[in-house]
Structures are given as C-alpha cells and as structure tokens.
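# Architecture at a glance
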Amino acid sequence: MVKKILLTTLIVLLSGGLLGGWFWYVGRLEAKGRAEAQCRNVAVILLDSLESSIVDRQEMQRYITSIVKGQRTDTVDLHGIEQAVRARGEILDAEVYAADPHTIAVKIVQRKPVVRFEKGNEHFYSDPEGYLFPVSHSIDVPIVTGAIPFSPGPGYKGETPAESRSWVLGIVELARYIDSRNTLRSQIEQIDVAPNGDLVLYTAEDGPAIIFGDSAGYVEKFRKLEVWWRNIAPEAVTAEKQYKTINLKYNHQIICKQK
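Our subject in this report is the structure included herewith. (Residues numbered from 1 in each chain as written. Predicted model: local features only at pLDDT ≥ 70, side-chain atom pairs only at ≥ 80, totals over all residues. Heavy atoms only, no water.)

Turning next to the sheet that holds strand S1 (residues 41-46). With mixed pairing, three strands are arranged side by side in an open sheet as S1-S3-S2. In this open sheet, the two edge strands, each paired with only one partner strand, are S1 and strand S2 (91-100). Neighbouring strand axes in the sheet, compared pairwise and without regard to direction, differ in orientation by 20° on average. Pairing geometry for S2 and strand S3 (residues 103-110), over eight bridges, is antiparallel. Across the sheet, Val 96 pairs through a bridge with Val 106, a residue of S3. Most of the contacts of helix H3 (residues 78-86) go to S2, to which it runs at about 150°, and overall it touches S2 and S3. (Pairing = 2+ DSSP bridges. Helix = DSSP H or I, 4+ residues; strand = E, 2+ residues; numbered from the N terminus. Axes fitted to C-alpha atoms, helices over the stretch in contact; angles between N-to-C directions. Contact = heavy atoms within 4.5 Å.)

As a packed pair, helix H2 (residues 57-68) and H3 sit with axes 12 Å apart at the nearest point and diverge in direction by 150°. One finds that H2 runs roughly antiparallel with respect to H3. For the pair H2 and H3, the crossing hand works out as right-handed. On the side of H2, the interface is formed by Met 60, Tyr 63, Ile 64, Ile 67 and Val 68, while H3 contributes Ile 81, Ala 84 and Val 85. Looking at the contact of H2 with H3 residue by residue, the class counts come to eight nonpolar, no polar and no charged. (Parallel < 35°, antiparallel > 145°, perpendicular 65-115°, else oblique. Left-handed = near helix turned anticlockwise from the far one by under 90°. Nonpolar A, V, L, I, M, F, W, Y, C, P; charged D, E, K, R; others polar.)

Further remarks concern the sheet that holds strand S6 (residues 131-134). Spatial ordering of the open sheet is given by S8-S6-S5-S4-S7-S9-S10-S11-S12-S13, a layout of 10 strands whose pairing is mixed. Two strands in the sheet have a free side with no partner beyond their single neighbour: strand S8 (158-159) and strand S13 (255-258). One ladder, built from three bridges, connects strand S7 (residues 143-146) with strand S9 (residues 188-193); its direction is parallel. Bridge pairing links Gly 146 to Val 193 in S9. Contacts from helix H4 (residues 162-180) reach strand S4 (115-119), strand S5 (122-126), S7, S8, S9, strand S10 (199-203) and strand S11 (209-213), with the element oriented near 125° to S4.

Bringing the side chain of Asp 192 into the picture now. Residue position: Asp 192 is located in strand S9. Nearest to the buried, unbridged Asp 192 among oppositely charged side chains is Lys 119, at 12 Å. Polar contacts involving the side chain of Asp 192 include one to the side chain of Thr 145, which spans 2.7 Å. Polar contacts involving the side chain of Asp 192 include one to the main-chain amide nitrogen of Gly 146, which spans 3.4 Å. For Asp 192, the contacting residues outside a window of four places in its chain are Thr 145, Gly 146, Asp 198, Leu 199, Val 200 and Tyr 202. (Buried < 20%, exposed > 50% of the residue type's maximum accessible area, 1.4 Å probe, protein only. Lys, Arg positive; Asp, Glu negative; His and termini not counted. Salt bridge = Lys/Arg side-chain N within 4 Å of Asp/Glu carboxyl O. Polar contact = N/O pair within 3.5 Å; in protein donor to acceptor, adjacent residues only side chain to side chain.)

Honestly, that's just the spatial picture; any functional story needs more than this.
This is the structure:
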C-alpha cells in the first residue's frame with residue numbers, strides 16, 4: 001500500500017512538472033510572439049463624430065499608418081504620436097494605445113467650430129471658447145468676411161489675442177445664436193465686417209443687406225428682423241417697394257432704404 005501511494009505521488013508530481021513546464025514554454029512563445037509582432041493596422045476613433053466632422057478619419061489613418069507601419073508594436077512611440085495628433089489645431093484631445101499586437105488605436109476628441117473667418121489668405125475657425133485654428137476641411141458654420149479687426153497670421157492656432165478676444169467672443173455668440181435657430185440658419189449666408197466696424201448680414205435669397213451694428217444686443221436685433229420678415233418683406237415685392245438695406249443697429253427702430 002505504501003509503495004502504491006508513493007508511486008501515485010511520483011506520477012502526480014511528474015505530471016504536474018511536465019504540465020507546468022508546458023505552460024511556461026507556451027507562455028514564453030506567446031511573449032516572444034508579442035514582442036516580435038509588427039504593426040499592421042491603425043484604428044481611428046472619432047468620439048464625437050455625430051456632433052462634428054472637422055477631422056478626416058481616412059486622412060488621419062493614412063498619417064498614423066505612415067509613421068507606424070512595419071514597426072514592432074512594442075517599440076512604437078505612442079506618446080510621441082499622441083503629441084503630434086494633439087498638435088493639430090482641429091483636435092482637442094487624443095489617446096493613442098496598442099489595441100492588440102498588430103493594431104494601434106487612436107481615440108480623438110475634435111474641436112467644434114462655430115464660426116469661420118476669412119481675411120485675405122487667412123482662413124480660420126473659432127471654437128466656442130475663442131480658440132482659433134486653420135481651416136483644414138470645410139464645415140457648415142456662419143462665415144465672417146471683410147474688415148476683420150485682427151490678423152492672427154496664416155496657420156495660426158491658439159487662443160485669440162487678448163486685444164481681440166472680446167470682439168471674437170461676441171461674434172462667436174452671434175454665430176451660435178444663428179446656428180441655433182432654423183430660420184436664421186437657413187437665411188443668413190454671410191456676415192461681413194464693414195470698414196466702419198458694422199456687421200452686415202447677407203441672406204441666401206439675395207435680399208436687402210442687413211446692417212446689424214456690432215454684436216451687442218443681437219437677440220433684440222434678430223427680433224426686429226423677424227418683424228421685418230413677417231410684416232414688411234411680404235409687401236416689398238414690387239420694384240417700387242424693394243429695399244437695398246435694412247438697418248437694425250438703432251434701438252427700437254427698423255430703418256429701410258430703397259434701391
């Protein structure tokens with residue numbers, strides 16, 4: 001009986017040792033495989049793609065692929081790629097990591113453009129906080145042209161310069177209000193800055209120019225514009241009653257001038 005117990009114990013120990021050795025060997029092979037795995041895929045994930053589409057997913061995928069393809073996944077400079085992605089003006093935040101031994105994943109939070117400025121060869125967006133960045137892809141937001149009272153320079157990205165910040169944030173509020181109202185969004189096609197600083201709004205239907213003054217009191221000014229559209233515009237259909245401008249800049253007044 002004692003010999004039988006000893007023999008059984010010896011078999012169990014040998015089996016356990018062989019099994020443990022097998023797992024150790026397989027583990028070493030898997031670790032070696034992971035260490036030698038090359039990056040073959042890049043997955044770009046736009047976390048807010050339903051709200052904004054300022055980042056071109058395919059372009060970003062090609063850009064990251066050109067950096068990492070063919071490298072061993074465990075040697076890819078994830079932090080460096082993350083910094084390079086974050087440096088792009090249209091990107092608010094990014095996270096880069098190895099999703100599996102052959103795939104680098106890039107999660108991106110985009111900036112949300114609310115207005116586009118066009119001044120000569122300088123085309124740039126502003127987000128709701130007044131952060132400016134170059135136009136890389138077109139998106140449907142209100143456009144401001146004309147005598148824009150500041151010039152950040154081509155390719156600029158960063159906070160609005162202090163001396164222009166109040167003006168830009170006023171335009172941002174105005175643009176966001178336009179975008180939040182279906183009628184205004186469909187009618188207002190362009191905001192132009194006149195040489196005297198007045199904002200002049202142009203409609204999609206080639207109606208009269210709307211002299212708006214500055215951005216202050218925009219809610220009341222748009223209320224007056226709605227009065228014009230509802231009560232005056234339907235009657236101004238004949239050549240004798242067509243108007244060239246509608247001036248909303250003065251309190252409690254709508255001043256209309258004919259052609």
